[in-house]
Amino acid sequence: MQIDPWSNVNVKDYDRVIKEFGVEKTENLHKKLPLENIYFKRGLIFGHKDLNKIIEASTKKKPFVMLTGLMPSGRFHLGHKVVADLMVYFQNLGAECYVAVADIESFLTRNIPLEQAKKVAIEEYLTNYIALGLKPKKTKFYFQSNGSKNYMNFSKIVSKKTTFNELKSVYGDLTPEKIISALTQVADILHPQLKENNGPKPVVVPVGTDQLPHISLARDIAYRMRSEYNFILPSATFHKLIPGVKGGKMASSDPSSAIFLTDSPEEVTTKIKKYAFSGGQKSLKEHKEKGGNPDIDISFIYLKTMFEPDDKKLNKIYQDYKSGSLLTSELKEITIEKINSFLKDHQQKRKQAIKQIDKFIIKE
Ligand code: TRP
């Protein structure tokens, strides 16, 4: 199985991913976490690599790092929120945070001008991260085009530790742009362990499944560099994508299928009422007789993976929907209420967040 991280794929065969990429299942891992987390608990995070190192570092109050990156394209929606929440989660566990703006990658692979990437990264992404709880203390928000000298050099040095054939077998079809992007990402992932950053130390990289090839390559290269750099193989968590309102992928390019963090209550209401894919039956009568299917119902999936942390409440909704006593319109109402109450609070925090931006941007 090959995953092309630049092709916009939605990887769905998680069992196969687990088998072929040597990903560890999360299963009951959430019970071992120092702090509860809804994405682990509800299985949105289905796999990981070496997360135990991170749990151990956190428990023993030893230094560790959370590093992830963002493609500065499109408006910030619920799908992007997952990564942001995970940054905050690991920060709360004690991680030092590195956030890479992949402006070089977005220029090379999506033709986004560097200046535009910078603006989007700050106004859309960073502002939302802060509003979602990311704190400036021990956080580095940096641009691939403007990292430290050691980071810049390191992104070239890593090329010595792979071969063209290996890259081809990991990524499939290659271009010079993809090679540079992949090696830059390897440098992103490994550079927190350089001496200048007080490495080596455990690093966790929360990512969507499409980023798996980069994680594998970074781990292989870390292993090959171990005698010179003493690297610890980076850990990672892998999450499924939040589905779009209509099912399929949530993407900024289809606004009626994406819930943006700037949406008004009316917009959310319309999107859910009009478009949310439902597991309910065709008629009221049929629904009451046969019951609905919560497992494929987008409103239910949103509650399960994001908005209803209370197991008892979620379970009641599940059972009631399945039995037919809870109607689709009622389930949608619950979901709309939850999303809108989150957004109201978030949009308030966003206004405050803007004032904090300067504390995050690191100037090299
Ligand atoms: N390639 C990532 C994406 O498409 C962005 C990214 C760049 C990244 N550097 C990273 C992700 C390091 C995780 C770790 O979204």
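Residues numbered from 1 in each chain as written. Predicted model: local features only at pLDDT ≥ 70, side-chain atom pairs only at ≥ 80, totals over all residues. Heavy atoms only, no water.

## Concerning the packing of aromatic side chains
Now for step 1: Counted under the stated rule, the structure contains 14 aromatic pairs.
Now for step 2: Aromatic pair Phe 76 and Tyr 129: ring centres 6.0 Å apart, planes at 75°, arrangement edge-to-face. Within this pair, whereas Phe 76 is found in the loop between strand E3 (65-70) and helix H4 (78-92), its partner Tyr 129 is found in helix H6 (residues 114-131), the two being separated by 53 residues in sequence.
Now for step 3: What makes Phe 76 buried here is its relative accessible area of 1%.
Now for step 4: With relative accessibility at 4%, the residue Tyr 129 sits in the buried group.
Now for step 5: Grouped by ring-pair contacts, the aromatic residues Phe 40, Tyr 89 and Phe 90 constitute a single cluster.
Now for step 6: Across the ring face of Phe 342, the terminal group of Lys 81 is positioned such that the distance to the ring centre comes to 4.9 Å. (Phe/Tyr/Trp six-rings, centres within 6.5 Å; stacked < 30°, edge-to-face > 60°. Helix = DSSP H or I, 4+ residues; strand = E, 2+ residues; numbered from the N terminus. Buried < 20%, exposed > 50% of the residue type's maximum accessible area, 1.4 Å probe, protein only. Lys NZ or Arg CZ within 6 Å of the ring centre and 35° of its normal.)

## As for the domain arrangement of the chain
Now for step 1: Domain annotation of the chain identifies domain 1 (14-241) and domain 2 (255-351).
Now for step 2: For domain 1 versus domain 2, the distance between C-alpha centres works out to 31 Å.
Now for step 3: In this complex, domain 1 contributes 16 residues to the contact, which on the side of domain 2 involves 20 residues.
Now for step 4: For the pair domain 1 and domain 2, the summed buried area comes to about 1,700 Å², and 62% of that belongs to carbon and sulfur atoms.
Now for step 5: The interface formed by domain 1 and domain 2 holds two salt bridges in total. (Domains from an automatic or database assignment. Contact = heavy atoms within 4.5 Å. Buried area = accessible area lost by both parts, 1.4 Å probe. Salt bridge = Lys/Arg side-chain N within 4 Å of Asp/Glu carboxyl O.)

## Here's the deal with the packing of helix H8 (residues 164-171) against helix H10 (residues 212-224)
Angle between the axes and distance between the axes: these two values describe a pair of packed helices.
Now for step 1: The contact between H8 and H10 brings their axes to 10 Å, and the two run at 150°. Compared by their axis directions, H8 and H10 come out roughly antiparallel. Crossing of H8 against H10: the hand is right-handed. Here Glu 166, Leu 167, Val 170 and Tyr 171 of H8 lie close against H10, whose contacting residues are Pro 213, His 214, Leu 217, Asp 220 and Arg 224.
Now for step 2: Split into classes, the residues belonging to the contact of H8 with H10 amount to five nonpolar, one polar and three charged. (Axes fitted to C-alpha atoms, helices over the stretch in contact; angles between N-to-C directions. Parallel < 35°, antiparallel > 145°, perpendicular 65-115°, else oblique. Left-handed = near helix turned anticlockwise from the far one by under 90°. Nonpolar A, V, L, I, M, F, W, Y, C, P; charged D, E, K, R; others polar.)

## Observations concerning the sheet that holds E3
Now for step 1: Read across the sheet, seven strands follow the order E1-E2-E7-E6-E3-E4-E5 without closing on themselves; strand pairing throughout is mixed. The outermost strands of the open sheet, each flanked by one partner alone, are strand E1 (24-25) and strand E5 (139-143).
Now for step 2: Contacts from H6 reach E3, strand E4 (96-101) and E5, with the element oriented near 160° to E5. (Pairing = 2+ DSSP bridges.)

## As for the pairing of strand E2 (residues 45-49)
Now for step 1: Counting buried positions along E2 gives five out of five residues, so the element sits mostly inside the fold.
Now for step 2: As paired strands, E1 and E2 are joined by two bridges and run antiparallel to one another. Residue pairing across strands places Lys 25 opposite Gly 47, the latter belonging to E2.
Now for step 3: Bridge analysis of E2 against strand E7 (residues 235-239) gives four bridges, and the strand direction is antiparallel. Of the residues in E7, the one forming a bridge with Gly 47 is Phe 238.

## Considering the site of the ligand
Now for step 1: Neighbouring the ligand are 13 residues, the closest being Met 71, Glu 105, Gln 185, Asp 188 and Gln 211.
Now for step 2: In this structure, Glu 105 approaches the ligand through a side-chain N or O atom, which is 2.8 Å from a nitrogen atom.
Now for step 3: One of the side-chain N or O atoms of Asp 188 is found 2.8 Å from a nitrogen atom in the ligand.
Now for step 4: Summarising the interface, the protein chains cover 92% of the accessible area of the ligand, which totals 370 Å² for the free molecule.
Now for step 5: At the level of elements, E3, helix H9 (176-190) and strand E6 (203-208) are the ones that each hand at least two residues to the shell around the ligand.
Now for step 6: Grouping the amino acids of the shell around the ligand by side-chain chemistry returns six nonpolar, five polar and two charged. (Near = heavy atom within 4 Å. Polar contact = N/O pair within 3.5 Å; in protein donor to acceptor, adjacent residues only side chain to side chain. Areas by Shrake-Rupley, 256 points an atom, 1.4 Å probe, with all protein chains shown as cover.)

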